[in-house]
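Now for the letters of each chain:
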Amino acid sequence: MRFLAVLFAFLAPASAVSAGDDEERTLRALLSRGDEEVAMAPAFLDSVPPETLSQVLDGLKDAIGPVARIDGKGRDYVVQSDTHRMPARIAFDAEGRVSTLWFGAPEPRVTDLASAEALLGELGQDVSWLAMRDGAVISESRASEPLAVGSAFKIGVLAALADEIEAGRRDWAEVVRLEEHHRSLPSGRMQDYPAGAPLTLHSAALAMIAESDNTATDLLIDLLGHEAVAERLGIASEDLLTTRAFFALKADESRRADWRAASPADKPAIAASAAETLPALEAVTGPHAQGVEWYLPLDQLCALGAPLAALPLMQVNPGPVVGQPGLWQSIAYKGGSETGVLNFTAWLTDTEGRQHCAALTVNDPGAISETTAVAAFGAFLRSLHGQP
């Protein structure tokens, strides 16, 4: 999952805002949607049509209301209105035209933690959340209840790999080979690698966490063994699906029913048989199929990831926390999603050196608005600091 808002660049006629004018004035002009035109770099004209940028800026104006002030310097800013705050980034080319324009999800302003919790509770049918600081629970709802978490289960795969490395049985530089039966569907890129491609364990783990690469995940599960990964996740080995088996079962209603009804001894064979054929991507985009997923409670996810948070590979993709650069010294993150399932789990060090875990899971029969969830989660994180 990627949580960066779309990067926009746009060509418009040269105008009053150009080289030498400050970034704040340019952002105000863009978000006011008034008559003042903004000169945009021509290099991205083909990539972002004028109508697309206009639609997005109109949507942002409607979402946050009039801009009250803009804080920041250099490239990074926070746009403030009476009801929302929104991270932004802007840069100019050598001729003073806007070459980079980025907006994060607008965060609703909340007056206190209870207000932020109310936003989380509205995200879907089944919602759990957890916030901990230095091991103490600050806020929680249903945090010990297993819900579907999507790719967040990959934290358990990484934990099992870290166990092997710490015990001296494996090394991050060890080379393994990608095999056909590891090939899965996106997210990720390794599904397009040729069979036999050599990969270090570090490369596979980095792709699994930072890009949520499903093929890298299945390679590591195969290497480590279902039993070791399932034990770290606290689930029965027969209930642990590779991503390839998950997709195969989701795409085949008959086999999915057989797997759910099977005895523990028969489940692995049914999953393996289904996984012999990789389905088309369009066959697995429907709603979450109950029972065919990875079900974990948030308190377990927080505990699994805490010893791993200092690994640099855990800090490559900050997920939805990308819009809060001033609040955290370090951000480790892994989340997951499919239609009807959304999880954010972040391990954070604040500016005072305190350790946090903040996590959210939403399950719903229909699609979940990721934009709304990112905004609510951002407000929740900010409320932990007591910031409106």
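See the structure printed just above.
Every chain's residues receive numbers from 1 upward, in the order its sequence appears when written. Whole-chain, interface and lining totals are the exception, using all residues; otherwise, since this is a predicted model, local features are given only for residues with pLDDT of at least 70 and side-chain atom pairs are given and counted only at 80 or more. Side-chain measures were taken over the full set of non-hydrogen atoms in the model, leaving aside hydrogen atoms and water.

S.K.: Describe the pairing of strand E5 (residues 98-103), with residues and values.
M.R.: Accessibility here uses a 1.4 Å probe with only protein chains present; expressed as a share of the type maximum, an area under 20% marks a residue as buried, one over 50% as exposed, and anything in between as partly exposed. Starting at the N terminus, helices and strands are each numbered in turn, a helix being any DSSP run of H or I of at least four residues and a strand any DSSP run of E of at least two. Of all 6 residues that make up E5, 6 are buried, and the element is covered over most of its length. Two strands are said to pair when DSSP picks up at least two bridges between them. In this structure, strand E4 (residues 84-92) lies alongside E5, joined through 5 bridges in antiparallel fashion. Residue Arg 89 lies in a different strand from E5, and its bridge partner there is Trp 102. From the end of E4 to the start of E5, which pair antiparallel, there are 5 residues, and Gly 96 there has a positive phi angle of about 85°.

S.K.: Any details on the pattern of salt bridges? Residues and values, ideally.
M.R.: Salt bridge, as applied in this entry: a Lys or Arg side-chain nitrogen positioned within 4 Å of an Asp or Glu carboxyl oxygen. Inspection of the entire model under this criterion finds 18 salt bridges. Two residues, Glu 174 and Arg 170, come together in a salt bridge whose shortest N-O distance is 2.7 Å. Residues joined by salt bridges that share partners form a network here, namely Asp 93, Glu 95 and Arg 97.

S.K.: Tell me what's going on with the sheet that holds strand E7 (residues 126-133), and back it up with residues and numbers.
M.R.: Taken together, the 5 strands give an open sheet; going across it, the order is E8-E7-E15-E14-E13, and neighbouring strands pair in antiparallel fashion. What marks the edges here is a single partner per strand, and that holds for strand E8 (136-141) and strand E13 (328-338). Sheet twist, expressed as the mean angle between neighbouring strand axes with direction ignored, is 5°. Relative to strand E14 (residues 341-350), E13 is paired through 10 bridges, and the arrangement is antiparallel. Within the sheet, the bridge partner assigned to Glu 338 lies in E14 and is Val 341. To obtain each axis, a line is fitted to C-alpha atoms, and for helices this fit is confined to the stretch in contact; angles are then taken between N-to-C directions over 0 to 180 degrees.

S.K.: I'd like a rundown of helix H7 (residues 226-233), residues and numbers included.
M.R.: Burial in H7 covers these residues: Val 229, Ala 230 and Leu 233. Take H7 and look down its axis: the buried residues cluster within an arc of 95°, on one side only. Turned more than 90 degrees from where H7 packs its buried face, Glu 227 and Glu 231 sit exposed. In this structure, the buried side of H7 is in contact with helix H4 (154-166), helix H6 (214-224), strand E12 (295-296) and helix H11 (298-305). Phi turns positive, to about 75°, at Gly 234, one or two residues after H7. In this description, one arc is meant: the one made by directions from the helix axis to the C-beta atoms. Should any heavy atoms of two residues lie within 4.5 Å, those residues are considered in contact.

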